Each structure stands twice: as structure tokens, then as C-alpha cells.
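So you can see what is in the structure, the chains are spelled out below.
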Amino acid sequence: MMNNSSLQDITSLVVALRQQKIIAYPTEAVFSLGCDPDSENAVQALLALKQRPWQKGFILVAANYTQLTRYIDDSKLDDAARERVFACWPGPVTWVMPARPGTPRWLMGQFSSLAVRVSAFEPACRPCLALGKPLISTSANLTGQPPARTANEVRNQLGRTFPVMNEAVEGRLNPSEIRDARSGELIRQG
């Protein structure tokens, strides 16, 4: 349930996203940095902030599966793969799926696939619903620093004026598990 403070928070975060800015929002285990995945300027700013090589690509987090369909090519998944994915979603499992032709290179990095997650954690879904699309999801920390687990930790690393959603993380100890959707192979333990 959202109170007036939460509503103001989301409104200001969506304004920042539409202005091609980066925001911080809580996920299942840590705070995440996110931006509009369709804004190359915002993604380039995020890469510079994190000092992250573009080749690694990003995870997209969404409020529902429909938000991901313009980025992934699920026609390349067989029934067993779809069953694996939907057995875990919404939830804290990220699946690497074939990317649709035309998916921006700045999202995929050096790959022809894209890592995506439909979250069950309402605060992580809220900005996706308000913006009407998924957000990039990468840990909220500067290179060499631990991932932030509170809004204050985000501000300590990124500055007092950094746009941060004032909510708590869900409380999981580890970031999302990552698996290959076609094979089911574990890529990162959750």
C-alpha cells in the first residue's frame, strides 16, 4: 500500500527517468541503479558512473512479462524453457533469453541475449509500472564499494541529492540467481 510520501517519491523518480537520469530503487537483496533502457544517453551515464564496461550488458527488471516482450525473442524458447521461466516468475530469478532483433546493443553488451527478471517485489515493480516499461537493474555501488542495502548507503556513495526511492530492500541475502532460459544452466548462484 502506498502512502502520499510513496506517491511523491514515485512521481519524482519517474520525472528523473524521463529526463534521462539514473535513479536508485530497492530490489530483493540490494539497491539497484536504474534508468530508461531505451535512452542511450542515460545508459552511457550509468556505464560511466559504475565504470562498467559496455560488453557486460545489463539486467532488465520488469513488473510483468509484457514489459519485456519488445526486448526479448521468446519465440526462440521451447515449451520446456517457457515452463522453467514461468515457474519462477514473478520472483527473484533472472533469465538470460534471446534478444529481439533491434534490441539496443547498450543493453545486451557483447551478447545476442538479454538478462531479464519479472520481480514479485512491489517496490521494485512500482517505478516500472509508473514508467510503463522495465528498468535497467545493476547494483547501486561505485566500483570497489559494496552494493548498497539501504537508501542512506546509496546516498553515502552517490551523494545526498541522488534520486533514491525511500523504501527498504526485500531482505534476501544474495542478488538474484541468473540462469540460461534455453538450457536451464545456472550462471550465477542466488
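What counts, and at which threshold
Residues numbered from 1 in each chain as written. Predicted model: local features only at pLDDT ≥ 70, side-chain atom pairs only at ≥ 80, totals over all residues. Heavy atoms only, no water. Helix = DSSP H or I, 4+ residues; strand = E, 2+ residues; numbered from the N terminus. Rg over C-alpha atoms; globule rule 2.2 N^0.38 Å. Buried < 20%, exposed > 50% of the residue type's maximum accessible area, 1.4 Å probe, protein only. Contact = heavy atoms within 4.5 Å. Areas by Shrake-Rupley, 256 points an atom, 1.4 Å probe, with all protein chains shown as cover. Lys, Arg positive; Asp, Glu negative; His and termini not counted. Charge placed at Lys NZ, Arg CZ, Asp CG, Glu CD. Phe/Tyr/Trp six-rings, centres within 6.5 Å; stacked < 30°, edge-to-face > 60°. Core = buried A, V, L, I, M, F, W, Y, C linked by side-chain atoms within 4.5 Å. Salt bridge = Lys/Arg side-chain N within 4 Å of Asp/Glu carboxyl O. Polar contact = N/O pair within 3.5 Å; in protein donor to acceptor, adjacent residues only side chain to side chain.

Novice: Looking at this structure, how should I read the overall build of the protein chain?
Specialist: Scanning the protein chain for helices and strands turns up 6 helices and 8 strands. The N-to-C order of helical and strand elements in the protein chain reads α-β-β-α-β-α-β-α-β-α-β-α-β-β. Relative to the globule expectation of 16 Å for 190 residues, the C-alpha radius of gyration of the protein chain, 16 Å, shows essentially globular dimensions. In terms of overall dimensions, the protein chain has a C-alpha envelope of 45 × 35 × 30 Å along the principal axes. Taken across its 190 residues, the protein chain has 52% of its residues classed as buried. Summarising the internal contacts of the protein chain: among those between residues at least 6 apart in sequence, 67% fall at separations of at least 24. As displayed, the protein chain has an accessible area near 9100 Å², and 50% of this comes from carbon and sulfur atoms. Positive and negative charge centroids in the protein chain, built from 21 and 17 side chains respectively, lie 6 Å apart.

Novice: Before we go on, may I ask you to explain the packing of aromatic side chains in this structure?
Specialist: Given two aromatic rings, their pairing is described by the distance between the two centres and the angle made by the two planes. If you walk through the whole model with that rule in mind, you get 3 aromatic pairs. Ring centres 6.1 Å apart and planes at 50° place the aromatic pair Tyr65 and Trp89 in the tilted group. Highlighted residues: Tyr65 in the loop between strand E3 (59-62) and helix H3 (79-88) and Trp89 in the loop between H3 and strand E4 (93-98), separated in sequence by 24 residues. Here Tyr65 falls in the buried class, since its relative accessible area comes to 18%. Ring geometry for Phe86 versus Trp89: centroids 6.3 Å apart, planes at 75°, classification edge-to-face. Following the ring pairs from residue to residue traces out a cluster consisting of Tyr65, Phe86 and Trp89.

Novice: Where do I start with the nonpolar core in this structure?
Specialist: One broad rule of soluble globular proteins: the nonpolar side chains tend to lie buried together. In terms of nonpolar packing, the biggest core is built from 40 residues, with Phe31, Trp89, Met97, Leu114 and Val154 touching the most fellow members. Ranked by the residues each element gives to this core, the list is headed by helix H2 (residues 40-50), at 4 residues. Among residues more than four places away in sequence, those in contact with Val154 are Ala24, Phe31, Ala140, Ala148, Gly159, Phe162 and Val164. Formed by 16 residues, the second largest nonpolar core is a distinct cluster that contains Ala16, Leu17, Ala63 and Leu135.

Novice: What is the right way to look at the pattern of salt bridges in this model?
Specialist: Close approach of charged atoms lets side chains of opposite charge pair. Per the counting criterion, the structure on display carries 8 salt bridges. Linking Arg70 and Asp38 is a salt bridge whose minimum nitrogen-to-oxygen distance equals 3.2 Å. Placement of the pair is Arg70 in the loop between E3 and H3 and Asp38 in the loop between strand E2 (31-34) and H2, with a sequence separation of 32 residues. In this structure Asp38 comes out as partly exposed when scored by relative accessible area, which is 26%.

Novice: I tried to follow the side chain of Ser176 on my own but got confused; where do I start?
Specialist: Along the chain, the position of Ser176 falls in the loop between helix H6 (151-158) and strand E7 (177-180). Within the structure, the side chain of Ser176 is placed 3.2 Å from the side chain of Arg117, a separation counted as a polar contact. Apart from the residues lying within four places of it in its own chain, the contact partners of Ser176 are Pro92, Thr94, Arg117, Arg188 and Gly190.

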